[in-house]
Amino acid sequence: MMAFTGHAGPLIMGFETSCDETAAAVVGAGTHVYSNVIATQHELHRRYAGVVPEIASRAHLQRIVPVAREALRDAGASFGDLDAVAVGHRPGLIGSLLVGTSAAKALAWSLGLKLIGVDHIVAHLHACFLGDDPARPWPYALGLVVSGGHTSLFRVRGPLDVVVLGRTLDDAVGEAYDKAGVILGLDYPGGPAIDRLANEGDDRAHDFPVAMLARDSLDFSFSGLKTALLYAVCGTRLERDASVLTRTQRADFAASFQRAAVSAIIAKVKRAVERLDVGTLIVGGGVSANSRLRAELETLSREHRIDLRLPAREYCVDNAAMIAGLAAARYAAGLFDGWTLSPSTRSAVQAWQR
Ligand code: KG4
Ligand code: ZN
């Protein structure tokens, strides 16, 4: 049996089943990733061009045990090495969350281990610290989570002190990307497909709207951008579809859409940076893998002399290493959950009270 001497802190197995990824990971001291197994369900949802909740929960049920075994095997660990079991129990699809939460409870109970529920959104903010020095505390920072379900800005004072400054009023940015992918007839999910195709296109070919909202707003809105693309591609009476487009026209739409989507995020990050006077920006979520967003965030951080913390690409999309990693902070604070831990569709992170 391997001795886990590479870290000083708890060895935690985490589960992530909030949407369409079945994931398990083993993480030491919050940042040392021993294993990170992700079983995506893209092939099951592709024909529906979106996640079908019932299909997702059934697939989680089939995969959760083999994924957990693989995570343990990859880590070279046995159940006896674990100190706690963690799960992202909110927010997400309720049936999907139920599978991960039940698995984590069953495992923790049967092994006599502590159970730790963590908020999936805050876990995305932890992703940029994976692989880092565990002794380094979370800095006072502005947090940005850009994913398929969320687009939010946070004031962050530590892993247990996160409040919402602004969020999307309608579609999440990843959701807008995925719907734009459907409009353009691209492979599912649309985010990575648009990111790739945009490289070939002219981002000034179309001038799509960038919703700024009220002058001091830190909220986002992406439904207008999605509708503008729909009308531009299909006509206002939806009389045609993307099949009539040449590859160049499609790439121009992708590039122009991406310019508008990224501009909307950058504009609000800039506002928040100026208002909060922060030295660090931490970013997470599937869309933080986007090449244009990463490049523009780097430029903005250089201009504002901000320490930018982007997750490694493997930790951008949903994974369980970020869950097990964040759980170490709750472990250190003695914040454990009982067997009544229940999933919830809503995040527990509160809005900032001015
Ligand atoms: O964080 P995540 O795995 O799941 C949620 O918590 O929602 O994010 C998935 C989202 C999808 O909408 C996907 O299209 C988007 O992240 N995404 C991207 C890229 N890679 C993934 N969007 C834009 N560019 C990318 N490279
Ligand atoms: Zn996520």
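1. Points about helix 10 (residues 321–332)
Compared with an ideal rise of 1.5 Å per residue, which puts 12 residues at 16 Å, helix 10 spans 17 Å between its outermost C-alpha atoms and is within 8% of the ideal. The buried fraction of helix 10 amounts to 9 of the 12 residues, a majority that puts the element mostly inside the structure. By the burial criterion, the buried members of helix 10 are A321, M322, I323, A324, G325, L326, A327, A328 and A329. In this fold, the buried residues of helix 10 make contact with strand 1 (11–16), strand 2 (21–28), strand 3 (32–40), strand 4 (84–90), strand 5 (114–119) and helix 4 (120–126). Positive phi shows up at G334, right after helix 10, with a value of about 70°.

2. A short note on the pairing of strand 9 (residues 280–284)
Burial analysis of strand 9 places 5 of its 5 residues in the buried class, the great majority of the element. Residues of strand 9 alternate between two faces, with T280, I282 and G284 on one and L281 and V283 on the opposite face, all of them buried. Note that strand 6 (residues 141–146) and strand 9 share 4 bridges and pair parallel. Opposite G143, over in strand 9, you have I282 as the bridge partner. The pairing of strand 9 with strand 10 (residues 307–309) spans 3 bridges and is parallel.

3. Overview of the coordination of the zinc ion (ligand 2)
Coordination angles at a metal have ideal targets, namely 109.5 degrees for four tetrahedral donors and 90 or 180 degrees for six octahedral donors. Within the protein, H120 (NE2), H124 (NE2) and D318 (OD) serve as the donor atoms for the zinc ion (ligand 2), at 2.0 to 2.1 Å. Relative to the metal, the 4 donor atoms surrounding the zinc ion (ligand 2) lie at angles of 96 to 137°, and the coordination shape comes out irregular. Each donor residue of the zinc ion (ligand 2) lies on the same chain, and together they follow the pattern H-x3-H-x193-D. Here H124, found in helix 4, pairs with D318, found in the loop between strand 10 and helix 10; they are 194 residues apart in sequence, far enough to count as distant. Using a relative accessible area of 1% as the deciding quantity, one classes H124 as buried.

4. Some remarks on the sheet that holds strand 2
Ordered in space as 3-2-1-4-5, the 5 strands form an open sheet in which the pairing is mixed. Of all the strands in the sheet, just strand 3 and strand 5 have a single pairing partner and so form its edges. Strand-to-strand, the axes of this sheet are offset by a mean angle of 20°, without reference to chain direction. Sheet strands in contact with helix 2 (residues 53–75) are strand 1, strand 2 and strand 3, and its direction is about 25° off that of strand 2. Set on the sheet, helix 10 makes contact with strand 1, strand 2, strand 3, strand 4 and strand 5; between it and strand 5 the angle comes to about 115°.

5. Looking at the site of ligand 1
Neighbouring ligand 1 are 20 residues, the closest being G148, D178, D195, N290 and D318. Taking H124, its side chain carries an N or O atom lying 3.2 Å from an oxygen atom of ligand 1. For ligand 1, the protein covers 89% of the area, taking 550 Å² as the surface of the free molecule. Those elements giving two or more residues to the shell around ligand 1 turn out to be helix 4, helix 5 (173–183) and helix 6 (190–198). The residue inventory of the shell around ligand 1, partitioned by class, reads 7 nonpolar, 10 polar and 3 charged. Taken together, domain 1 (11–130 + 315–332) and domain 2 (141–310) each give at least three residues to the shell around ligand 1, which thus spans both.

What counts and what doesn't
- Counting restarts for each chain: residues are numbered from 1 in the order of the written sequence.
- Chain letters start at A and ligand numbers start at 1, both assigned in the order the entries are written.
- Only residues with pLDDT of 70 or above have their local features reported here, since the model is predicted, and side-chain atom pairs are shown and tallied only from 80 upward, although totals for entire chains, interfaces and linings are computed over all residues.
- Only hydrogens and water are set aside when side-chain values are computed; all heavy atoms of the structure are taken into account.
- Put simply, DSSP H or I for four residues or longer makes a helix, DSSP E for two residues or longer makes a strand, and each gets a number counted from the N terminus.
- Here a helix's expected span is defined as the number of its residues, less one, multiplied by 1.5 Å.
- Think of it in three bands: residues with accessible area under 20% of the maximum for their type are buried, residues over 50% are exposed, and the middle band is partly exposed, with areas taken using a 1.4 Å probe on protein chains only.
- Whether two residues are in contact is decided by their heavy atoms, any of which lying within 4.5 Å being enough.
- When DSSP locates at least two bridges between a pair of strands, those strands are taken to pair.
- Donors, by definition, are the N, O and S atoms found within 2.8 Å of a metal, the threshold being 3.2 Å for Na, K and Ca, and water is not counted, so a site can look incomplete.
- Labels for metal geometry use angle windows, namely 85 to 135 degrees for all angles of a four-donor tetrahedral site, and for square planar (four donors) or octahedral (six donors) sites opposite donors over 155 degrees apart plus all others within 65 to 115; sites meeting none of these are irregular.
- Fitting a line to C-alpha atoms yields each axis, with helices limited to the stretch in contact; the angle taken between N-to-C directions then spans 0 to 180 degrees.
- For this purpose, a residue is taken to be near a molecule or strand whenever a single non-hydrogen atom of the residue falls within 4 Å of it.
- Distance and chemistry together define a polar contact, namely a pair of N or O atoms within 3.5 Å, with one atom able to donate a hydrogen and the other to accept it when in protein, and with adjacent residues in sequence counting only for side-chain atoms on both sides.
- Residue burial considers only the protein chains on display, and all accessible areas are found by Shrake-Rupley using a 1.4 Å probe.
- The classification used treats Ala, Val, Leu, Ile, Met, Phe, Trp, Tyr, Cys and Pro as nonpolar, Asp, Glu, Lys and Arg as charged, and all other residues, Gly among them, as polar.
- Domain start and stop positions are those given by an automatic or database domain assignment.

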